[in-house]
Amino acid sequence: MKVSKMQWDGLSTEQCSVARSSIVLGDRWTLVILSDCFLGVRRFDDLQARLQLSRTTLTQRLKKLEAHGVLERRAYQSKPVRYEYRLTEKGRDLYPVISTLLNWGDKYYSDAAGPPILRQHTSCCHDIQPILTCPDCAELIDARSVRARKRPANLDYPEVKRGPFR
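Not measured: the values here are computed from a predicted model.

*Asks:* I'd like a description of the overall build of the protein, backed by residues and values.
*Replies:* Looking only at helices and strands, the protein features 6 helices and 4 strands. The order of α-helices and β-strands along the protein, N terminus first, is α-α-α-α-β-β-α-α-β-β. For the protein, buried positions account for 25% of its 166 residues. For the protein, contacts bridging at least 24 residues in sequence account for 35% of all contacts bridging at least 6. Per element, the accessible surface of the protein, about 13,200 Å² overall, is 52% carbon and sulfur.

Right, dumping it as structure tokens:
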């Protein structure tokens, strides 16, 4: 049986949300840029100074995030025209992704001083590490408490080929 290698460009047509999302988020700088955006960094020069990233690389990543509707560029100064980058609704919807990645990094990669960034819930002022819960029963969600299944067949759309293994 011949197994074909999945090409990077081909991910955009995969019937897999992780594959399609990786087109936008799958390089090493994009999530770090988004993390800074969630921390309130909006201006190109501030992002570049904080990340010590080449201007070319930062420009490319910001343009990609803008093209995919994750960030929008807004003028904040007219002479000369200068822009800042704001999270769109689509971008803000990435908060659970960034938060979960932060939790994982805090657990496995923090030093003895603990997590470098603490998150505080604005309503009650407690420091938190957000968790996944079921929206119906409020139970905690982890890898063992979820079962994946393919969506029902739909003749208007391609068959899902990369669904659950078993």
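*Asks:* With reference to specific residues and values, describe the pairing of strand β2 (residues 81-87).
*Replies:* Note that strand β1 (residues 71-78) and β2 share 7 bridges and pair antiparallel. In the sheet register, Glu72 faces β2, and the bridge partner there is Arg86. With antiparallel pairing between neighbouring strands as the criterion, β1 and β2 make up a hairpin whose turn holds 2 residues.

*Asks:* Which residues make up the environment of Phe38, and what values go with them?
*Replies:* Its place among the elements puts Phe38 in helix α2 (residues 30-38). Every residue in contact with Phe38, bar those within four places of it in the chain, is listed here: Leu87, Gly91, Arg92, Leu94, Tyr95 and Ile98.

*Asks:* Report on the pattern of salt bridges, specifying residues and quantitative values.
*Replies:* Inspection of every chain in the model, using the stated rule, returns 7 salt bridges. The residue Asp36 makes a salt bridge to Arg50 at a minimum N-O spacing of 2.8 Å. With Asp36 in helix α2 and Arg50 in helix α3 (residues 44-51), the pair connects residues that are 14 residues apart, well separated along the chain. According to the relative accessible area criterion, Arg50 is partly exposed, its value standing at 49%. For the salt bridge of Asp106 with Arg119, the shortest nitrogen-to-oxygen distance reads 3.8 Å.

*Asks:* For α3, give the residues involved together with the corresponding values.
*Replies:* Looking only at α3, the buried set comprises Phe44, Leu47 and Leu51. Looking straight down α3, one finds its buried side chains confined to an arc of 70°; they lie on one side. Contacts made by the buried residues of α3 are with α2, α4 (55-67) and β2.

*Asks:* Give a description of the side chain of Arg119 that names residues and reports values.
*Replies:* Note on placement: Arg119 falls in strand β3 (residues 119-120). Judged by relative accessible area, which is 13%, Arg119 ranks as buried. A distance of 2.7 Å separates a polar atom in the side chain of Arg119 from a polar atom in the side chain of Ser99. A polar side-chain atom of Arg119 sits 2.5 Å from a polar atom in the side chain of Asn103. Not counting residues within four places of it along the chain, the set of residues in contact with Arg119 comprises Tyr95, Ser99, Leu102, Asn103, Asp106, His126, Asp127, Ile128, Gln129 and Pro130.

*Asks:* Can you tell me about the packing of α2 against helix α6 (residues 95-109), naming the residues and giving the values?
*Replies:* In contact at an axis separation of 11 Å, α2 and α6 are set at 105° when each is read in the N-to-C sense. Of the possible angle classes, the one that applies to α2 and α6 is roughly perpendicular. Contacts between α2 and α6 involve Leu31, Leu34, Ser35 and Phe38 on the former and, on the latter, Tyr95, Ile98 and Leu101.

*Asks:* Give a detailed account of α6, specifying residues and quantitative values.
*Replies:* Taking 1.5 Å of rise per residue, the 15 residues of α6 would be expected to cover 21 Å, and the 20 Å separating its terminal C-alpha atoms lies within 8% of that figure. Taken together, the buried positions of α6 are Ile98, Ser99, Asn103, Gly105 and Asp106. Projected down its long axis, α6 carries its buried residues within an arc of 165°, all on one side. When the buried face of α6 is taken as reference, the exposed residues oriented beyond 90 degrees from it are Lys107 and Tyr109. On the buried face of α6, the contacting elements are α2 and β3.

Thresholds, definitions, all that
Within every chain, residues take consecutive numbers counted from 1 along the sequence as written. Reporting of local features is limited, given that this is a predicted model, to residues whose pLDDT is at least 70; pairs of side-chain atoms are given and counted only at 80 or more, and all residues count toward the totals for whole chains, interfaces and linings. The side-chain values count all of the structure's non-hydrogen atoms but skip hydrogen atoms and water molecules. Numbering of helices and strands starts at the N terminus; helices are DSSP runs of H or I of at least 4 residues and strands are runs of E of at least 2. Partly exposed residues are those whose accessible area sits between 20% and 50% of the maximum for their type, while under 20% is buried and over 50% is exposed, using a 1.4 Å probe and protein chains only. Contacts between residues were defined by any pair of non-hydrogen atoms, one from each residue, lying within 4.5 Å. All accessibility values rest on the Shrake-Rupley procedure with a 1.4 Å probe; residue burial counts only the protein chains present in the view. Here a strand pair is declared whenever DSSP counts at least two bridges between the two strands. Salt-bridge detection follows one rule: a side-chain nitrogen of Lys or Arg within 4 Å of a carboxyl oxygen of Asp or Glu. In this description, one arc is meant: the one made by directions from the helix axis to the C-beta atoms. Two N or O atoms count as a polar contact when they lie within 3.5 Å, although within protein this holds only if one can serve as hydrogen donor and the other as acceptor, and sequence-adjacent residues are included solely when both atoms are side-chain atoms. Between N-to-C directions, angles span 0 to 180 degrees; the directions come from axes that are lines fitted to C-alpha atoms, helices contributing only their stretch in contact. Each angle gets one of four labels, with under 35 degrees taken as roughly parallel, over 145 as roughly antiparallel, 65 to 115 as roughly perpendicular, and the rest as oblique. The span you would expect from a helix comes to 1.5 Å times its residue count less one.

Function cannot be inferred from these measures alone, as they are strictly geometric.
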